[in-house]
Amino acid sequence: MAGRLRGAALAGCLGLCGTALALLAVVLLRAYVLRPAPGPRVWGRRPELGFELSARDRRELKEALRGAIKIQTVSFSPDDQNTTALAEFGNYIKKVFPAVFSAKFIQHEIIGEYSHLFTVQGSDPQLTPYMLLAHMDVVPASQEGWVAPPFSAEERGGFIYGRGTMDNKNSAIGILQALEFLLRKDYRLRRSFYIGIGHDEEIYGHKGARKIADLLEARGVKLSFLLDEGSAILDGFIKGIKAPVAVIGITEKGALTVKLSVEKEPGHSSAPPKETSIGILAGALSRLEQNPMPNMFGHGPEIRTLEHLASEFTFPLNLIMTNLWLFSPIVSRILQQMPSTNALIRTTTAITMFNAGIKTNIIPPSAKATVNFRIHPSQKAEEVLEIIKTTIADDRVKIDVQETFDPNPISPWDNQAFGVQIFRRTLLDVFPEVSSVAPGICIANTDSRHFAKLTDAIYLFNPLIIKPDDFLRIHGLNERISVEGYEKQVEFLYQLIQNSDIKKLPEPHANSHEL
Ligand SMILES: CCCCCCCCCCCCCCCC(=O)N[C@@H](Cc1ccccc1)C(=O)O
Ligand SMILES: [Zn+2]
Ligand SMILES: [Zn+2]
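Residues numbered from 1 in each chain as written. Chains lettered and ligands numbered in written order. Predicted model: local features only at pLDDT ≥ 70, side-chain atom pairs only at ≥ 80, totals over all residues. Heavy atoms only, no water.

**Notes on the sheet that holds strand S21 (residues 480-482)**
The sheet built from three strands is open, its strands ordered S6-S7-S21 with antiparallel pairing. The open sheet terminates on both sides in strands that have one partner only, identified here as strand S6 (155-156) and S21. Two elements, strand S7 (residues 159-161) and S21, share three bridges in a ladder whose sense is antiparallel. Residue phenylalanine 159 lies in a different strand from S21, and its bridge partner there is serine 482. With respect to the sheet, helix H2 (residues 55-69) is in contact with S6, S7 and S21, its orientation differing from that of S7 by roughly 20°. (Pairing = 2+ DSSP bridges. Helix = DSSP H or I, 4+ residues; strand = E, 2+ residues; numbered from the N terminus. Contact = heavy atoms within 4.5 Å. Axes fitted to C-alpha atoms, helices over the stretch in contact; angles between N-to-C directions.)

Shown next as structure tokens:
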């Protein structure tokens, strides 16, 4: 009997060890043998024109950006914009980019009073055009807390400081600068493209980008791809990855802004009711904050980001990332620890405004708050609204939806995706230190969502190397760009325009490490 028991225990143990070993074997096999091929391509041609800058070009490039930063194109709210500055910006680009404005094959139109649309006619009408998008308006900036005033464009230690240096005059001016340099070198464009520069991106883009999109749609335009702001070359954002990695947004989150309000009879504060409007609203807000929206890791493209970057991680994280089918619970717990990575895996909840009370001894008649949700790609606004109602669970709290839109559809990311291959090629040309290019999610919103009817290939990427510290400067204090970083951005755009002139993508080549 004892022998039989021992035998059974041994068999059980062997079974368990066997299962563990088999699991380990599968993990290793998947990690090292079954890794998906990155899909490299062989590109015969290099951009025709190299990006060599004279001292004069360098000065001109820097001063063009600095001049634009000094124009205070601030969007305060949908009905409060600095329209004088928006008009000045239009005059400014005309002055600074004479070749762009005088080329016979470039049509310039002003849309919605202040936005700009450039139609650059290439020599080959058979090639489907693409579009580069940017915006000129900026969010307000406080005067305090900056090392140099936010509209001074002061240069310090190799950086230009100012509102808009990263979001997003660097793109607006950078695109025009790249085209200006190409035109001055008599580059003959083959593929047509559009440049859109919106004037109200920071307040939803209804008068600028939306109108540009409507006009192009009415003209029957279809785009091979569209590139806008929204992600970057990330350096130090992800624990365990040392090298900078290019994460290109293939979708952006949706948004839902709700106004919550509670109305109550006012009265004398000496005999207060059990609950005031402020107390009731504060309770509702606290419930929203204490009960974050569900963790959706694995239901959206965030999992593809990690899979693409798996080989960038050091051991044993590389093993974990290659086997997310097994380790995703641990990974999702790690991701939710940092605000920027937490934003990738769930709909975020941000209480952004709170107003209540009129005098120290009056029971407040009303309390109001605004809560801004950014919706994970796997959810819809309607679903999020239901969760909000259930979480608040108090009929005294009135919920008004202010603005809402669902997440963008997911753009293609494969060997046939023209834009993706062009970005990869251009990154290789301009940022050789970047070894991985991965699809990702834009955690904020951009003007690009207005263009969904013109293309299914919308990509969000700024060719700038940014560190977590830089991310805090966007909409924050001391927004800045390094002069070198801006030169690289212009170089990227300069080469991207040339690379896009390719007729057809080269065939994938299994053994090449070019891309
Ligand atoms: C892996 C970790 C990921 C970290 C992400 C780092 C990404 C860095 C690039 C960030 C670019 C952000 C672009 C922001 C554009 C922007 O500010 N959009 C605004 C637009 C808007 C304005 C009013 C109301 C709704 C929406 C916004 O989203 O608030
Ligand atoms: Zn922006
Ligand atoms: Zn912004």
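**Observations concerning the domain arrangement of the protein**
When its domains are assigned, the protein resolves into domain 1 (55-239 + 243-249 + 409-499) and domain 2 (253-405). Placing the centre of domain 1 and that of domain 2 at their C-alpha centroids yields a distance of 30 Å. On the side of domain 2, 23 residues touch domain 1, which itself brings 24 residues to the contact. Here domain 1 and domain 2 share an interface that buries about 2000 Å² over both sides, 63% of which is from carbon and sulfur atoms. (Domains from an automatic or database assignment. Buried area = accessible area lost by both parts, 1.4 Å probe.)

**Examining the pairing of strand S4 (residues 115-120)**
For S4, the buried fraction is high: six of the six residues fall into the buried class. The pairing of strand S3 (residues 106-111) with S4 spans six bridges and is classified as antiparallel. Residue pairing in the sheet places isoleucine 111 in a bridge with serine 115 of S4. Connecting S3 to the next strand, S4, in antiparallel fashion are three residues, including glycine 112 with a positive phi near 55°. In terms of strand pairing, S4 meets strand S8 (residues 193-198) through five bridges, oriented antiparallel. (Buried < 20%, exposed > 50% of the residue type's maximum accessible area, 1.4 Å probe, protein only.)

**Quick notes on the coordination of the zinc ion (ligand 3)**
Protein coordination at the zinc ion (ligand 3) comes from Asp167 (OD), Glu202 (OE), Glu202 (OE) and His475 (NE2), with a distance range of 1.9 to 2.7 Å. Counting along the primary sequence, the residues that act as donors to the zinc ion (ligand 3) give the motif D-x34-E-x272-H. A distance of 3.4 Å spans the gap from the zinc ion (ligand 3) to the zinc ion (ligand 2), which aspartate 167 bridges by coordinating each metal. Remark: glutamate 202 occurs in the loop between S8 and helix H6 (209-218) and aspartate 167 occurs in the loop between S7 and helix H5 (169-184); sequence separation between them is 35 residues. Since its relative accessible area comes to 8%, aspartate 167 is described here as buried. (Donors = N, O, S within 2.8 Å, 3.2 Å for Na, K, Ca; no water.)

**Brief notes about the site of ligand 1**
Close to ligand 1 lie 16 residues; Glu202, Tyr204, Arg374, Asn445 and His475 are nearest. Between ligand 1 and the protein, one listed contact pairs a nitrogen atom with a backbone N or O atom of asparagine 445 at 2.7 Å. The separation between an oxygen atom of ligand 1 and a polar side-chain atom of histidine 475 is 2.9 Å. Coverage of ligand 1 by the protein amounts to 88% of the 730 Å² it exposes when considered alone. (Near = heavy atom within 4 Å. Polar contact = N/O pair within 3.5 Å; in protein donor to acceptor, adjacent residues only side chain to side chain. Areas by Shrake-Rupley, 256 points an atom, 1.4 Å probe, with all protein chains shown as cover.)

**Considerations on the coordination of the zinc ion (ligand 2)**
The zinc ion (ligand 2) binds to the protein through His135 (NE2), Asp167 (OD), Glu229 (OE) and Glu229 (OE); the donor distances cover 1.9 to 2.3 Å. Taken together, the four donor atoms surrounding the zinc ion (ligand 2) define angles of 56 to 147° at the centre, an arrangement classified as irregular. For the zinc ion (ligand 2), the donor residues sit on a single chain with the sequence spacing H-x31-D-x61-E. (Tetrahedral: all angles 85-135°; square planar, octahedral: opposite > 155°, others 65-115°.)

**Quick word on the packing of helix H8 (residues 302-309) against helix H10 (residues 324-335)**
Viewed as axis vectors pointing N to C, H8 and H10 meet at an angle of 110°, and their least axial separation amounts to 12 Å. Overall, the two elements H8 and H10 adopt an arrangement that is roughly perpendicular. Residues Ile303, Leu306 and Glu307 of H8 form the contact with H10, whose participating residues are Leu324, Val331 and Leu335. Residue composition of the contact of H8 with H10, grouped by class: five nonpolar, no polar and one charged. (Parallel < 35°, antiparallel > 145°, perpendicular 65-115°, else oblique. Nonpolar A, V, L, I, M, F, W, Y, C, P; charged D, E, K, R; others polar.)

**Digging into unusual backbone geometry**
Excluding glycine, residues mostly have negative phi values, and the peptide bonds linking residues are mostly trans. Look at the link from aspartate 167 to asparagine 168: it is a cis peptide, with omega at 10°. Mapped onto the elements, asparagine 168 comes out in the loop between S7 and H5. In this structure, proline 316 follows phenylalanine 315 across a cis peptide bond, with omega equal to 5°. Among the secondary structure elements, proline 316 is positioned in the loop between H8 and helix H9 (317-322).

**Description of the nonpolar core**
Within soluble globular proteins, side chains that are nonpolar tend to cluster in buried spots. Of all hydrophobic cores here, the largest spans 97 residues; its most connected members are Ile173, Leu179, Phe193, Leu227, Leu427 and Tyr459. Examining the composition of this core, we find that nine residues originate from one element, H5, more than from any other. Two domains each provide a minimum of three residues to this core, namely domain 1 (55-239 + 243-249 + 409-499) and domain 2 (253-405). Beyond its immediate chain neighbours, meaning those up to four positions away, phenylalanine 193 contacts Phe118, Thr119, Val120, Pro129, Tyr130, Leu132, Leu179 and Ile497. Residues Leu256, Leu260, Ala381 and Ile388 belong to the second largest nonpolar core, which totals 21 residues. (Core = buried A, V, L, I, M, F, W, Y, C linked by side-chain atoms within 4.5 Å.)

**Concerning the pairing of strand S18 (residues 437-442)**
With six of six residues buried, S18 is to be regarded as a mostly interior element. Relative to S18, strand S11 (residues 245-252) runs parallel, the two sharing six bridges. By the bridge assignment for S18, glutamate 252 is matched with cysteine 442.

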